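One letter stands for each residue in the lines below.
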Amino acid sequence: MSTSEPVNIIMIGMAGSGKTTLMQRINAYLHEQNKAPYVVNLDPAVSKLPFQANIDIRDTVDYKQVMSEYNLGPNGGILTSLNLFTTKLDQVVSLVEKRASTTKYFLYDTPGQIEIFTWSASGAIITNTLAATYPTVVVYVVDTPRTASPATFMSNMMYACSILYKTQLPFLVAFNKTDVVGHEFAVEWMEDFEAFQRALRQQEDESFMNSLMHSMSLVLDEFYSHLRVVGVSAMTGQGMEAFFGKVDEAVKEYHDEF
Ligand code: GDP
Ligand code: MG
């Protein structure tokens, strides 16, 4: 099978947003299309993976053992495990390079707790290393039903915005769990500033918080105008084609820029 240049896809998102389930869905979808991906699990604390990983951090580090050896809590254990794994990143890269001529998509699942990956040296090293090999798209996974209130929505988007500026990589927001709640409200709030303001007014009283939120939503308006967005359901598979359409768009834009 011949393929064009490989693409890395890194799943990032709050705990429970559905990164792992979406990985499973994407993996299954690509298999159906005869485009078997190469799959890497970077979550040392996942108890059971619903997909078969080509590289699994758990084969290299046992986070529970790391916890007791270094006298750490769960978060420290996960972070230290990621650090230990990162010292072997060159081996990952050479395994990946061997597959690059036959594989188009390289998928990376990250630890449940978002900050372990996004606010650690290891997370940055892994992201930068991957981005230096092939075009790399950061997929920010959102738990749509849990982000349906204006205040939660905005804080989630602020977080997304901070990750975009931190990684400076092609970026796609995947509104997940659209089988439960559609993502149309999110698109409306992003496209129509007034609609978001109306939603805000319905929720909160006139207060300091409200005027702060008003100012922040002005800032986000600029972020939204460049944002690539898709609605998916990791559960039902809805939105897979659109997802890859957006991934390819992100990669294309990346090429146009460099
Ligand atoms: P992660 O922490 O981001 O890796 O999240 P998981 O993939 O472990 O998913 C967290 C929970 O959300 C699990 O109970 C999943 O079954 C559920 N979930 C994930 N994706 C979907 C979806 O598209 N629809 C629904 N209804 N539930 C989902
Ligand atoms: Mg997970």
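See the structure printed just above.
Residues numbered from 1 in each chain as written. Chains lettered and ligands numbered in written order. Predicted model: local features only at pLDDT ≥ 70, side-chain atom pairs only at ≥ 80, totals over all residues. Heavy atoms only, no water.

Comments concerning the sheet that holds strand β7 (residues 229-231)
- One open sheet accounts for seven strands, arranged β3-β2-β4-β1-β5-β6-β7; its pairing is parallel. Either end of the sheet is taken by a strand with one partner, and the two such strands are β3 (55-56) and β7.
- Of the pairings in the sheet, the one linking strand β1 (residues 7-13) to strand β5 (residues 136-143) comprises six bridges and is parallel in character. Its bridge partner lying in β5, Ile10 is registered against Val138.
- Across the sheet, helix α1 (residues 19-32) touches β1, β2 (38-41), β4 (105-109), β5 and β6 (171-176), and the angle it forms with β4 is around 160°. (Pairing = 2+ DSSP bridges. Helix = DSSP H or I, 4+ residues; strand = E, 2+ residues; numbered from the N terminus. Contact = heavy atoms within 4.5 Å. Axes fitted to C-alpha atoms, helices over the stretch in contact; angles between N-to-C directions.)

Observations concerning helix α2 (residues 63-70)
- Every buried residue of α2 is listed here: Tyr63, Val66 and Met67. Buried residues of α2 fall within an arc of 105° about the axis and therefore sit on the same side. Along α2, the residues that are exposed and aim more than 90 degrees away from the buried face are Lys64, Ser68 and Glu69.
- Looking at the buried positions of α2, the neighbouring elements they touch are α3 (74-86). (Buried < 20%, exposed > 50% of the residue type's maximum accessible area, 1.4 Å probe, protein only. Arc of directions from axis to C-beta.)

Some points on the packing of aromatic side chains
- All chains considered together, the criterion is met by 14 aromatic pairs.
- Residues Phe243 and Phe244 carry aromatic rings whose centres are separated by 5.1 Å and whose planes lie at 80° to one another, so their mutual orientation is edge-to-face.
- Residue Phe244 is classed as buried on the basis of its relative accessible area, which comes to 6%.
- Against the face of Trp119 rests Lys166, its NZ or CZ located 4.8 Å from the ring centre. (Phe/Tyr/Trp six-rings, centres within 6.5 Å; stacked < 30°, edge-to-face > 60°. Lys NZ or Arg CZ within 6 Å of the ring centre and 35° of its normal.)

Details of the nonpolar core
- If you look at the biggest cluster of nonpolar residues, it comprises 54 residues, and the most contacted ones within it are Tyr140, Phe153, Phe171, Val173 and Phe175.
- The leading source of residues in this core is helix α7 (residues 150-167), at seven residues.
- Those residues in contact with Phe153 that sit more than four places away from it in its chain are Thr147, Phe175, Phe185, Ala186, Trp189, Met190, Phe196 and Tyr224.
- Grouped together as the second largest cluster of nonpolar side chains are 28 residues, Tyr105, Val137, Ala174 and Val232 included. (Core = buried A, V, L, I, M, F, W, Y, C linked by side-chain atoms within 4.5 Å.)

Spatial relationships are all this shows, so hold off on functional conclusions.
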